[in-house]
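Chains, contacts and geometry: an overview
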Amino acid sequence: MMPDPPTAPDSARKAARTPWWSRLGFLARLAFITAFALAVAGGAMLYSSVKSDSAWHQANLATQAQTELESLAAVVAEQAVIGDYATIQQSLSARVRRDNIDSVRFADAGGAAIRAEMVEPARRSVPRWFRQLAAVDGGTFSHDILVGGRRYGTVTVQMSATPALDQTWAGFLSHLLILTLALGLNFLGILLTLKTGLRPLDALGQGARRLGGGDFSARIPPQGSTEMRATISTFNRMAQDIQGLLAQVHREKELAQVTLQSIGDAVITTDAGEWVTYLNPVAENLTGWSNAEAYGRPLTEVFRIINEFNREAVETPVDRVLREGVIVGLANHTVLIARDGREYAIEDSAAPIRDRDDEILGVVMVFHDVTEKREMAREMSWQASHDPLTGLANRREFERRLHQLLHTAKAGNQVHALIYMDLDQFKVVNDTCGHVAGDELLRQVTVLLQGKVRGSDTLARLGGDEFGVLLECCPVEKASRIAEEMIDMLKDFRFPWQDKTFMVGASIGVSAISVASTDIHGILSAADTACYIAKERGRNRVQVYSAEDAELASRHGEMHWVSRISDAIEQDAFCLHFQRISPLHRNGREHLEILVRMNGAGGEGLILPGAFIPAAERFGLMPAVDRWVVSAALSAYRRRLELGVDGETWAINLSGASLGDPAFLHFVAGEFERHTPPRGAICFEITETAAIGNLPRVAAFIREMKGSGCSFALDDFGSGLSSFAYLQNLAVDYLKIDGRFVKNMTSNASDFAIVESVNRIGHALGIETIAEFVENEEILTRLRSIGVDYAQGYHVHKPQPLDDLLESSKLAFGG
Amino acid sequence: MRHRILALCAAVLSLGLSSACAAEARGYSFGVLNQRSALLTAQYWNPILEYVGRKSGVPLELRMGKTAPETSGMIGRGEFDFVYSNTIFIPTNAPAGYRVFARPIEPAIQGQIVVAEDSPIRSIKDLAGKEMGFPSLAAFVGYAVPMNALLQDGIKVTPVFAGNQEGIMGQLKAGRVPAAGVNSQVMRDFARRENFRYRALWTSEDYFNLPLAAHPRIGAKEVRAVQNAFLGMAADVEGLKILEASAAVIRQSAPYGFVGAGDREYENYHRYFKTTLVKDCDGCPR
């Protein structure tokens, strides 16, 4: 909607404010300027002329007076000497007949005077003001008559200014007449020139009025002066351009209309008063208003938007656009209420419509239905932050909220708590009854736990059987009580599955979220550590983390190994050593065990595996370490082969975690393909604990790798929950008798009995035996006496770098 | 003194100037015969009279008539206290009793009949029947003496009067008159001043130029004081400067100053008036 043109009273007021000068016509202006200039110049000239004439006359009067006096003195002197006063009187009278002398006077030395005056003074025709302007004064002049040093008297002449004034006045009138004549001629010239010259202007005016009235075909025949012809020609071109432009604008307008009608977005335009001026079909569909119905209505009536969360009305972006003059987007979560009450989630932007002067004429608002998109985004957002099985927050969301709580704790000095829970029997259920049962168990436990937390708290599933709870504004003591309640609740819980019923236990670690907390990893790590301690201390219990707790701190110290081990893997900072395992009978094959070491930083020296393996196992890094060892060992073995050494069996240790990793088997198979060790070259050592913890997988691994020519040794046999029954399922080739029994076997009868039993059972099952920790000859002799197949220990061989072995083979075989 | 003041007042009243009496009573009148214009006369005499008046303590004031006859008449009537005129010797003026006490130091003068140097007139006989210029009837050596010589030679001329000596010399120079009777000294000065060349057709015996004389009513003390001032003037530096300046006005040549004189040195004036054939000159017997 365009603003109304100014009304008549507005024009009158505007005209009243317009300076009088602006209301004058061109002719009047020109005449005024010219007259003013001429009048000023002429006035100055007249003034200057009068003053110049006056000065000349004044000077001339003085000169005349002086001349007159000198000549009079010469005439009178003679008579004065002889005392002929009558003649003097005649001489004086003769002088005053001149019209520039008012009177002449002679006074003799005694003071007697004779005077002659103008009988009829010249009539003064000069106006009083002019006399004042000219300021010519006749003046009185005197001259002493001195003859031979004697003064005979004084002659005095009173000069008349009248003739000078008359002449000056006449000159003034003459100049005035010329000036008036010049003014008249000037006006006449201007009038004639303009009358002729303005005729084309009238034609231009008529043409402009026709143009203004919408007749864009208006053209004016060229006429008048060269300048006017050029102006008319320009006008005609302008009219032609306007005609062309209008046609183009019309076309573009139609195109714009069609475009607006066609585009997929809804478009609403308003004027600067927020009255609707246009809706395109999409906008009609979404708002439920037709263009015709909506036209002229307030925007807020047609375009009703609310916040989808609080259902409160939202300011339209048009307000901001008009207020700030910038492009504005809709607030998030905006919902459009259509005329029929239907709701559409929309996204929108609004922009000002400006004229050439950058004035805002109105606003164009573009929006589209994003209901589906927003629902999809919501769903994706939910999925990204939640565990699909339990519907709880996932680890990422949990960490995000933990971060927020940490922030509030630091900002507001509030104390919150984190509960870290690990279900104890989940693995059993999962392994025994399958994933379906495990999933169901998790769902039911979730329901139980949800009953124990407030709406403001966060219950999340952090991993397989790990749960986390964030308790807002909750001190650790209270959190600990809640955790205890959870433990009690789970103790009472029974999970029936098919024909079995399982009891579920949990270990819980609690840590505080306070201003003293460093970061979320520290908080999580603390709770995890506390949970670990709870497990260590017998499960089904709650452990609150305390930094002062020496044991906890020690455990916590292992955490530092995580990064060191990770860095060592990445930076190839491990190295391999080996220790020989000697056959105790003649046809035994040469064995050696590959041992891993870590290169310490900065003079730290070699770090033995006892320092970092527990941490690597604890924090799930063993598969990575094992991969490095397998790869490096196979590579070294190939080089040894290349140097001509064959017939050795290298024993490589594998952790339980690696064996439980399905991908590890794939990796090892790949390495075997790459390095192609000969059959019997590699023996994998598996601890009894690891083997029993992952029995199915370990069995599968053994089965698979035996196909590739590998042998297997069961390490530390006798130390754990050794079950001879497992030996039948594991199909190992060697049993390594736990060194704790071996090293004391010569002094401790029970240890000797165990060593002997294990050796016998092994042999009974067709498995060769290896004794560890053989530290002296006596042990070696006893082992040999009882028929143990291999011996390993410092008495046999002390570990040394594998590189030494490779170097020695070079020397031995000239490689 | 009373008579003098009355006479002055009468003269002033004749001019219609009632307020002039008091002014005229301030000094002794010093009448000068009109030999030149009143202006030149005043320019010549006023400095001298101011000096003499100051030196003698007898203030002198230049007086003269409009013409020489008028001045001569005034001398005859004893209107001047002192005079510089030779008309004191004519019979009509002699009763006034003016007594000579000094004269200019210049040599004696002569009456002359002169013509322009290039004039065809060669002798006074050539003047017979012609117009001849004279200063005035009052001019003794300029008219009375030459005219007497012409009459005694039987030569008749038609006299033309210019009013004074300067006038007739001017007319002679201008050619208005073929010849003129002149004072030889004045003529000489005129010719030098005006660069006029002339010839003298006739020259009289020597006559001392105009004498300085005092009226008998003036006390001997004043006369002596005035005489001493005049006589010492040329010897006084200031007086000599005044004399030279005044001489320059009329281009008078040296020597300047005055010497003492008496009636005896002017005896030939008396003789002339007793024997002259001229009847119309001022003072000449009719």
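This one's a predicted model, so the numbers in the text were calculated from it and none came from an experiment.

Rules behind the numbers
- Residues numbered from 1 in each chain as written.
- Chains lettered and ligands numbered in written order.
- Predicted model: local features only at pLDDT ≥ 70, side-chain atom pairs only at ≥ 80, totals over all residues.
- Heavy atoms only, no water.
- Helix = DSSP H or I, 4+ residues; strand = E, 2+ residues; numbered from the N terminus.
- Buried < 20%, exposed > 50% of the residue type's maximum accessible area, 1.4 Å probe, protein only.
- Lys, Arg positive; Asp, Glu negative; His and termini not counted.
- Salt bridge = Lys/Arg side-chain N within 4 Å of Asp/Glu carboxyl O.
- Polar contact = N/O pair within 3.5 Å; in protein donor to acceptor, adjacent residues only side chain to side chain.
- Contact = heavy atoms within 4.5 Å.
- Arc of directions from axis to C-beta.
- Axes fitted to C-alpha atoms, helices over the stretch in contact; angles between N-to-C directions.
- Parallel < 35°, antiparallel > 145°, perpendicular 65-115°, else oblique.
- Left-handed = near helix turned anticlockwise from the far one by under 90°.
- pLDDT = per-residue confidence, 0-100.
- Pairing = 2+ DSSP bridges.
- Core = buried A, V, L, I, M, F, W, Y, C linked by side-chain atoms within 4.5 Å.
- Buried area = accessible area lost by both parts, 1.4 Å probe.
- Nonpolar A, V, L, I, M, F, W, Y, C, P; charged D, E, K, R; others polar.
- Patch = residues over 30% accessible without salt bridge, like charges linked within 9 Å, V, L, I, M, F, W, Y side chains within 5 Å.
- Areas by Shrake-Rupley, 256 points an atom, 1.4 Å probe, with all protein chains shown as cover.
- Phe/Tyr/Trp six-rings, centres within 6.5 Å; stacked < 30°, edge-to-face > 60°.

**Points about the side chain of B:Glu106**
All names here are of chain B.
- Assignment of secondary structure puts Glu106 in the loop between strand S4 (99-104) and strand S5 (109-116).
- Arg36 is the oppositely charged side chain nearest to the buried, salt-bridge-free Glu106, at an N-O distance of 7.1 Å.
- A polar atom in the side chain of Glu106 sits 2.7 Å from the side chain of Asn209.
- For Glu106, the residues in contact, after removing those within four places along its chain, are Tyr84, Gln185, Asn209 and Gln252.

**With respect to helix H4 (residues 68-76) of chain B**
Residues and elements named next belong to chain B.
- Where H4 is concerned, the buried positions are Ala68, Thr71, Ser72, Met74 and Ile75. The buried residues of H4 all sit within an arc of 160° when viewed along its axis, so they share a single face.
- Tucked into the core, H4 has its buried residues touching strand S1 (28-32), strand S2 (60-63) and strand S3 (82-84).
- One or two residues past the end of H4 sits Gly78, with phi positive at roughly 65°.

**Overview of the packing of helix H5 (residues 140-152) of chain B against helix H10 (residues 267-275) of chain B**
All names here are of chain B.
- Interhelical geometry of H5 versus H10 gives an angle of 45° and a closest axis separation of 12 Å. If you check the angle between H5 and H10, you find them oblique. The way H5 lies across H10 gives a crossing that is left-handed. Residue-level inspection shows Phe140, Ala144, Val145, Asn148 and Gln152 of H5 in contact with H10, the latter providing Tyr269, Tyr272, Phe273 and Thr275.

**Points about the confidence of the model for chain B**
Residue and element names in this part refer to chain B.
- Per-residue confidence for chain B gives a mean pLDDT of 86, with 90% of residues at or over 70.
- The low-confidence segment residues 1-25 (pLDDT under 50) makes 23 contacts with residues lying over four places distant or belonging to another chain.
- For this predicted complex, the interface score ipTM comes out at 0.70, while the overall pTM is 0.40.

**Describing the sheet that holds strand S10 (residues 212-214) of chain B**
All names here are of chain B.
- As summarised here, the arrangement of the six strands in space is S2-S1-S3-S10-S4-S11, forming an open sheet in which the pairing is mixed. Of all strands in the sheet, those bounded by a partner on one side alone are S2 and strand S11 (258-260). The average undirected angle you get between the axes of adjacent strands in this sheet is 30°.
- Note: S3 against S10, three bridges, orientation antiparallel. Paired with Tyr84 across the two strands is Leu212, which belongs to S10.

**Details of the sheet that holds strand S1 (residues 101-108) of chain A**
- Taken together, four strands build an open sheet; the order of strands is S2-S1-S4-S3 (chain A) and the sheet is antiparallel. The sheet is open, and its two edges are formed by strand S2 (113-117) and strand S3 (140-147) of chain A, each paired on a single side. This sheet shows a mean twist of 15° between the axes of neighbouring strands, independent of strand direction.
- In this sheet, strand S4 (residues 150-159) of chain A lies alongside S3(A) in antiparallel orientation, the contact comprising eight bridges. When the sheet's bridge partners are listed, A:His143 is paired in S4(A) with A:Val155.
- Together, S3 and S4 of chain A form the strand contacts of helix H3 (residues 38-56) of chain B, whose direction differs from that of S3(A) by roughly 65°.

**Some points on the nonpolar core**
- Counting residues in each nonpolar core, the largest one holds 73 residues, and the members touching the most others are A:Phe106, B:Phe30, B:Trp45, B:Phe82 and B:Phe230.
- With twelve residues, the top contributor of residues to this core is helix H2 (residues 26-82) of chain A.
- Residues contacting B:Trp45, with those up to four places away along its chain left out, are B:Phe30, B:Val32, B:Leu62, B:Tyr84, B:Leu212, B:Phe230 and B:Phe258.
- Counting residues in hydrophobic clusters, the runner-up holds 72 residues, among them A:Trp628, A:Leu714, A:Val774 and A:Val788.

**Remarks on the interface of chain B and chain A**
- Between chain B and chain A, the contact holds 16 residues from the first and 13 residues from the second.
- Together chain B and chain A conceal approximately 1300 Å² of surface at their shared face, both sides included; 63% is due to carbon and sulfur atoms.
- Seen at the junction of chain B and chain A, the total is two salt bridges.
- Put simply, B:Glu61 and A:Arg150 hold a salt bridge, and the shortest N to O gap is 3.7 Å.
- Joining chain B to chain A, the criterion identifies four residue pairs in polar contact (both at pLDDT 80 or more).
- Broken down by secondary-structure element, the contributors of at least two residues to the side of chain B that touches chain A are H3 and S2 of chain B.
- With six residues, the single largest contributor to the side of chain B that touches chain A is H3(B).
- Residues that form the side of chain B that touches chain A fall into these classes: nine nonpolar, five polar and two charged.

**Side note on a nonpolar patch on the surface**
- On the surface, A:Trp20, A:Phe32, A:Ile33, A:Phe36 and A:Val40 cluster together to form a nonpolar patch covering roughly 530 Å² of accessible area.
- Look at A:Phe32 and you get partly exposed, because its relative accessible area is 40%.

**Quick word on the packing of H2(A) against helix H5 (residues 162-197) of chain A**
Residue and element names in this part refer to chain A.
- At their nearest, the axes of H2 and H5 sit 10 Å apart, and the two run at 165° to each other. It follows from the interaxial angle that H2 and H5 lie roughly antiparallel. Crossing of H2 against H5: the hand is right-handed.

**So, the packing of aromatic side chains**
- Here the structure, examined in full by the defined rule, presents 44 aromatic pairs over all chains.
- Between A:Phe495 and A:Trp497, the aromatic rings sit 6.0 Å apart at their centres with planes inclined by 15°, giving stacked as the arrangement. A:Trp497 shares its class with A:Phe495; the two are buried.
- Judged by centre distance (5.2 Å) and plane angle (70°), the rings of B:Tyr207 and B:Tyr269 are edge-to-face. Placement of B:Tyr207 in strand S9 (residues 198-207) and of B:Tyr269 in helix H10 is noted, with a sequence separation of 62 residues between them.

**Quick notes on the pattern of salt bridges**
- Tallying each qualifying case throughout the model produces 45 salt bridges over all chains.
- With a shortest N-O distance of 2.8 Å, A:Arg339 and A:Glu293 are connected by a salt bridge. Linking A:Arg339 in the loop between strand S9 (334-337) and strand S10 (343-354) with A:Glu293 in helix H9 (residues 291-294), this pair joins segments that are 46 residues apart in sequence.
- In this structure, B:Glu194 and B:Arg193 form a salt bridge, with 3.4 Å as the shortest nitrogen-oxygen distance.

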